[in-house]
Amino acid sequence: AQSVTQLDSQVPVFEEAPVELRCNYSSSVSVYLFWYVQYPNQGLQLLLKYLSGSTLVKGINGFEAEFNKSQTSFHLRKPSVHISDTAEYFCAVILVGDTDKLIFGTGTRLQVFP
Amino acid sequence: IAGITQAPTSQILAAGRRMTLRCTQDMRHNAMYWYRQDLGLGLRLIHYSNTAGTTGKGEVPDGYSVSRANTDDFPLTLASAVPSQTSVYFCASSDYRKGSNEQFFGPGTRLTVL
């Protein structure tokens, strides 16, 4: 069965420090990969996505992620976080050929402290 | 402003009552989705519709029904609500025919079943 694993339920970090949020997936077919962000009391917003091509993907708000097929990972990184980055982050996959049904990870709560 | 609207924003409901959550999009997307978000579980797909007139079951469809009479609207009905259906419900849409695979999310409906 296909699944998405976000091992860290919470990641506390100080402002201006770098951060990495981990995401691993398992699938027997090719996947498209996504990171969504959810700010408090809001819906989800797309941060970035990998469909094909370059494995390093840049998104909004200075975030980037790298697709590693051999390790089945798609970790999200930011070199210097801001207080405003405090939010819930979700990794998700779509199975290629299965229309747009997203499979979500359980989320990582990023808490940025001053 | 183009996007997805959901109504109501929040609702407290007695167990056994019938409830319909409304979702409308004005982007002319062909596909629409309903998810529920629960702490520690991420988002789980309830039902989806690839095009008007068709619907399909997601990961957690029991106790819910949907209809897709037209492109814009995708209501979710709880025929007889139970406390385990207390959750935040998100509607989303996408137009995978364009190849972007991005899902756009509504602001959510917070439902409490007592």
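These figures come from a predicted structure and were not determined experimentally. (Residues numbered from 1 in each chain as written. Chains lettered and ligands numbered in written order. Predicted model: local features only at pLDDT ≥ 70, side-chain atom pairs only at ≥ 80, totals over all residues. Heavy atoms only, no water.)

A.B. asks: Hey, could you go over the sheet that holds strand β7 (residues 64-66) of chain B for me, with residue numbers and the actual values?
C.D. replies: Within a sheet, adjacent strands bond to each other through the backbone by hydrogen bonds, running parallel or antiparallel. Residues and elements named next belong to chain B. Taken together, 4 strands build an open sheet; the order of strands is β1-β3-β8-β7 and the sheet is antiparallel. At either margin of the open sheet sits one strand with a lone partner, and together these are β1 (4-7) and β7. Sheet twist, expressed as the mean angle between neighbouring strand axes with direction ignored, is 20°. When strand β3 (residues 19-25) meets strand β8 (residues 76-78), the two strands line up antiparallel, connected through 3 bridges. In the strand pairing of β8, M19 is matched with L78. (Pairing = 2+ DSSP bridges. Helix = DSSP H or I, 4+ residues; strand = E, 2+ residues; numbered from the N terminus. Axes fitted to C-alpha atoms, helices over the stretch in contact; angles between N-to-C directions.)

A.B. asks: Describe the pairing of strand β5 (residues 42-49) of chain B, naming the residues involved and giving the relevant values.
C.D. replies: Residue and element names in this part refer to chain B. By the criterion of burial, β5 is predominantly enclosed, with 8 of the 8 residues buried. Judged from the 7 bridges that link them, strand β4 (residues 31-38) and β5 form a sheet pairing that is antiparallel. Note on β5: the bridge partner recorded for Y35 is L45. Relative to strand β6 (residues 56-57), β5 runs antiparallel, the two being bridged by 2 bridges. Along β6, the bridge assignment pairs H47 with K57. (Buried < 20%, exposed > 50% of the residue type's maximum accessible area, 1.4 Å probe, protein only.)

A.B. asks: Please give an account of the packing of aromatic side chains that cites residues and values.
C.D. replies: Inspection of the entire model under this criterion finds 12 aromatic pairs over all chains. Here the aromatic rings of Y36 of chain A and F105 of chain B are separated by 5.4 Å at their centres, their planes lie at 80°, and the arrangement is edge-to-face. Of the two residues, Y36 of chain A sits in strand β5 (residues 31-38) while F105 of chain B sits in strand β10 (residues 104-105), which places them in two different chains. Like Y36 of chain A, the residue F105 of chain B is buried in the burial classification. (Phe/Tyr/Trp six-rings, centres within 6.5 Å; stacked < 30°, edge-to-face > 60°.)

By themselves these figures say nothing about function.
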